[in-house]
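Given next are the chains, with one letter for each unit.
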Amino acid sequence: MFRQSTKKIIRVVNPPSRLLRRSYHDDGVYGYRVAKEYKMPDYNTEELQNRMKYGSLLRMVQAYRTHGHEGAKLDPLDIMKRKEVLALKPERYGLTNENETYNLAGIVHVNDSIQENTGKEEADFKTILNHLQSVYCGNIAYEFMHIPSASERRWWYHAVESWEKPQLSTEQKKRIHAILSKSEVFDHFLGKKFPNIKRYGLEGAESMMVALDRLFALSAQNDIKDIVIGMPHRGRLNLLCDLLEYPYQALFHKMKGFSELPEGTFASGDVISHLINNPTLKYNDKNVHVSLLSNPSHLEAINPVVMGKARAKQTDLLASAETSCNLGDKVMCIQIHGDAAFSGQGVVMESLGLSNLSHYSSGGSIHIVVNNQLGYTTPAQNARSSAYCSDIGKMINAPVIHVNGDHPEDVAKALDLVFEYRNKFRKDIIVDLMCYRRWGHNELDEPAFTQPSMYNNIRHRTSVPRLYEEKLFNEGVITNAQAEEVRDAHTKALDTGLQGAEAYVPPSDYHLAHNWQGMVHTTDTHLEKQGVDTGFDKTQLAEIGKLSVTPGQDIKIHSRLQKYHIDARLKKLASSGENLDWATAEALAFGSLLKEGYDVRISGQDVGRGTFSQRHAMFVCQESERAIIPLNQLTPNTNLEVANSPLSEFAVLGFEYGMSMETPKRLVMWEAQFGDFFNGAQIILDTFVSSGEEKWLRQSGLVMLLPHGQDGAGPEHSSSRIERFLQVRKEKNKRGKL
């Protein structure tokens, strides 16, 4: 409206209401889990007035928060083309007097983070400018201004703009040195002893080890019990042996041509860059279990699988935990990526799309991009259309921390902040670890064919471990003798492992262990002899069928659904109970499994209703839109989870495969919207579903439902390409049923 004044017309505008997402109508059903919400307090009246008084200073501070990363020292090779960042020039805001003093309330350096509260109330402009420059344009840079939540943005201001940062202790510095030195010794040892094997070493990116060690320590300290990791080949052996306690003799046993799997198994094994281990690590008398999952050569395909495995662990823990236990309290998912793959592979986008969905989230993943600034031979300008490889994460408003990998202490500090954010907000966060690759795509490759300038720079560089070692010499933290002692001890340990390689015997409990103990791998012949009793009491089946279409008095059912689905099912069940339709038989199967103590999860596009409007496992009230799953009234201890998925095949099938790996006590199903659409997930089928047990002895009980028809909808809706599944069956003993 307008208010008349004798001097001027003032327009009074009501502030716009915040755009909210429509509440999802299944927020009361089993499996609907959202992370706890953390909110920062808004600015108080004094702070708001101060922001108006010093508006020019505020605009410059906001410019540093938004554009500071453009002027940061992130590239260890210093080959990135950096331009002058005009938005960071003080004169653009009329700020020219470096001695002028400003009240900082509500503008900069409001402190409410892990750091101690040592903020200043006012400072002169020179001090403010130097501080902003060191915070936002140093070896660590931040992108968080794209986050729509004002509360989250305020948290970032507080977290990064502390005047006093906690310094690493002498012991912490010595640990960083030991981790870096061991990684370098490891790579040199393998290069010397196995010069003709592609090992995909970590040279140039050793700070990845510092980042992961810091995450493991913080997780143990904060009572996280399980960490699930998915990663590609680069640096995998370093992580396995130096942090995840994979025996050196086991690695060398494999590198000498022996199998990593126990004798007498049917599995083929895989290459060294796909090896795994699942140790329980101890940090300051606290344990954390770490699972590195098997991965195929298809980059980023492991991402949704890791997310599914983490969600499965969360589901089991939350079922037995206290009510105060929240999503992400006890399990954390870490995804490690390469720069080219992170921005190039479509499954990354699909997987990120699952991250905040109520039936798929596990409380926030930590993404570490090991940024070699090169994909095989493809430079960044040909590998993506965005400025950073991490820009894909902005589709879910994930914050990004860029850090120069040549500065391990800054990497450790950055990970403190990463962990704190994930712990508070339970959302994904990305670390862009800027580093380089000392060799080619593998150690037998010649990168100078296509990148002569980059590799001339790299070959004349002091390594990351040696640079840090020199820094500690100058600080008096360690001596040259102590540094050599670390390297010599590690070399001796590697030598001992090499000597024991041929005598090494892989553990016999590799297959069907832990949650799968008691299961037996069998053959069709055995099944024919022994038989499997799948029957169930007929009276109980009738009760299950009736309950499956009994939503409750407070749920108003659509009239057509009442007549053609509910009444029709009840009529058939009340008569002979024969010639039941597929959906009824399916409901009886689900219910009988629930009664026998098994959980059931069905996931996919439109699975609640079913593509052909056949299932109706959930009913939606026509008045309130509240959803209910009738079969969950059957037993208090088991549940049917109906997870309507986003329009994705690749990531969702991968997620369900990860869910199915955790335990045989849960039937996990994925249903394609139309059966023919499974080929959108062909990589998951080829590299996990059809071959995972063959390669890795890793079991899965995943069931895929592929509905289709001959209704004239065209060639992509007609056959489910059944010949492809027949082709991937193993004829020797016909494992895998259709």
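Everything discussed here concerns the structure shown above.
The model shown is predicted, which means the values in this text are computed figures rather than measured ones.

Quick notes on the rules
- Residues numbered from 1 in each chain as written.
- Predicted model: local features only at pLDDT ≥ 70, side-chain atom pairs only at ≥ 80, totals over all residues.
- Heavy atoms only, no water.
- Pairing = 2+ DSSP bridges.
- Helix = DSSP H or I, 4+ residues; strand = E, 2+ residues; numbered from the N terminus.
- Axes fitted to C-alpha atoms, helices over the stretch in contact; angles between N-to-C directions.
- Contact = heavy atoms within 4.5 Å.
- 1 Å grid on protein atoms, 1.4 Å probe; cavity = no way out; pocket = protein on both sides within 12 Å on 5 of 7 lines; lining within 4 Å.
- Points joined across faces, edges and corners; volume = space filled by probe spheres on them.
- Nonpolar A, V, L, I, M, F, W, Y, C, P; charged D, E, K, R; others polar.
- Core = buried A, V, L, I, M, F, W, Y, C linked by side-chain atoms within 4.5 Å.
- Buried < 20%, exposed > 50% of the residue type's maximum accessible area, 1.4 Å probe, protein only.
- Parallel < 35°, antiparallel > 145°, perpendicular 65-115°, else oblique.
- Left-handed = near helix turned anticlockwise from the far one by under 90°.
- Salt bridge = Lys/Arg side-chain N within 4 Å of Asp/Glu carboxyl O.

Draft legend 1. View of the sheet that holds strand β5 (residues 140–143). Within the open sheet, the eight strands sit side by side as β5-β13-β14-β10-β9-β6-β8-β7. Their pairing is mixed. At either margin of the open sheet sits one strand with a lone partner, and together these are β5 and β7 (280–283). Ignoring which end each strand starts from, the neighbouring axes of this sheet average 20° apart. The sheet contact formed by strand β6 (residues 226–230) and strand β9 (residues 331–338) spans five bridges and is parallel. By the bridge assignment, Gly 230 is partnered in β9 with Gln 335.

Draft legend 2. Looking closely at the sheet that holds strand β19 (residues 666–671). Spatial ordering of the open sheet is given by β18-β15-β19-β20, a layout of four strands whose pairing is parallel. Unpaired on one side and paired on the other, β18 (640–644) and β20 (703–705) mark the two borders of the sheet. Within the sheet, the average angular offset between the axes of one strand and its neighbour, ignoring direction, is 20°. Note that β19 and β20 share three bridges and pair parallel. Bridge pairing in β20 places Trp 670 opposite Met 704. Where helix α20 (residues 582–595) meets the sheet, its contacts fall on β15 (599–604), β18, β19 and β20, and the angle it forms with β15 comes to roughly 140°.

Draft legend 3. Structural view of the environment of Gln 530. Position of Gln 530 among the secondary structure elements: in helix α17 (residues 524–530). C-alpha of Gln 530 to C-alpha of Val 600: the two residues are 70 residues apart in sequence and 26 Å apart in space.

Draft legend 4. Quick look at empty space enclosed by the protein. This model, assessed by the stated rule, comprises nine cavities of 30 Å³ or more. Surrounding the largest cavity, Ser 548, Arg 569, Ala 583, Glu 586, Ala 587, Phe 590, Arg 615, His 616, Ala 617, Leu 631 and Leu 640 form its lining. A per-class count over the lining of the largest cavity returns six nonpolar, two polar and three charged.

Draft legend 5. Layout of the nonpolar core. Counting 98 residues, the largest nonpolar core has Leu 57, Trp 156, Met 208, Phe 216, Leu 251 and Phe 252 as its most contacted members. The dominant element in this core, judged by the number of residues it contributes, is helix α6 (residues 207–221), at nine residues. In this structure, Ala 643, Val 652, Val 668 and Phe 688 belong to the second largest nonpolar core, which totals 34 residues.

Draft legend 6. Inspection of the packing of helix α4 (residues 150–160) against helix α13 (residues 408–425) at higher detail. The geometry of α4 relative to α13 is characterised by a closest axis approach of 12 Å and an angle of 150° between their N-to-C directions. If you check the angle between α4 and α13, you find them roughly antiparallel. The interaxial crossing formed by α4 with α13 has right-handed handedness. Between α4 and α13, the residues in contact are Glu 152, Trp 155, Trp 156, Ala 159 and Val 160 and Leu 417, Glu 420, Tyr 421, Lys 424 and Phe 425, respectively.

Draft legend 7. Expanded view of the pairing of strand β10 (residues 365–371). With respect to burial, β10 is a largely interior element, seven of its seven residues being buried. When β9 meets β10, the two strands line up parallel, connected through six bridges. Bridge assignment links Gln 335 to a residue of β10, and that residue is His 367. Here six bridges tie β10 to strand β14 (residues 429–434), and the two strands are oriented parallel to one another. When the bridges of β14 are listed, His 367 appears paired with Ile 430.

Draft legend 8. Inspection of the pattern of salt bridges at higher detail. Scanning the model with the defined rule gives 36 salt bridges in all. Between Glu 475 and Lys 471 there is a salt bridge; the shortest N-O distance is 2.5 Å. Of this pair, Glu 475 and Lys 471 both sit in helix α15 (residues 464–475), four residues apart, which is roughly one turn of that helix. Connected via shared salt-bridge partners are Glu 184, Arg 466, Glu 469, Glu 484 and Arg 487.

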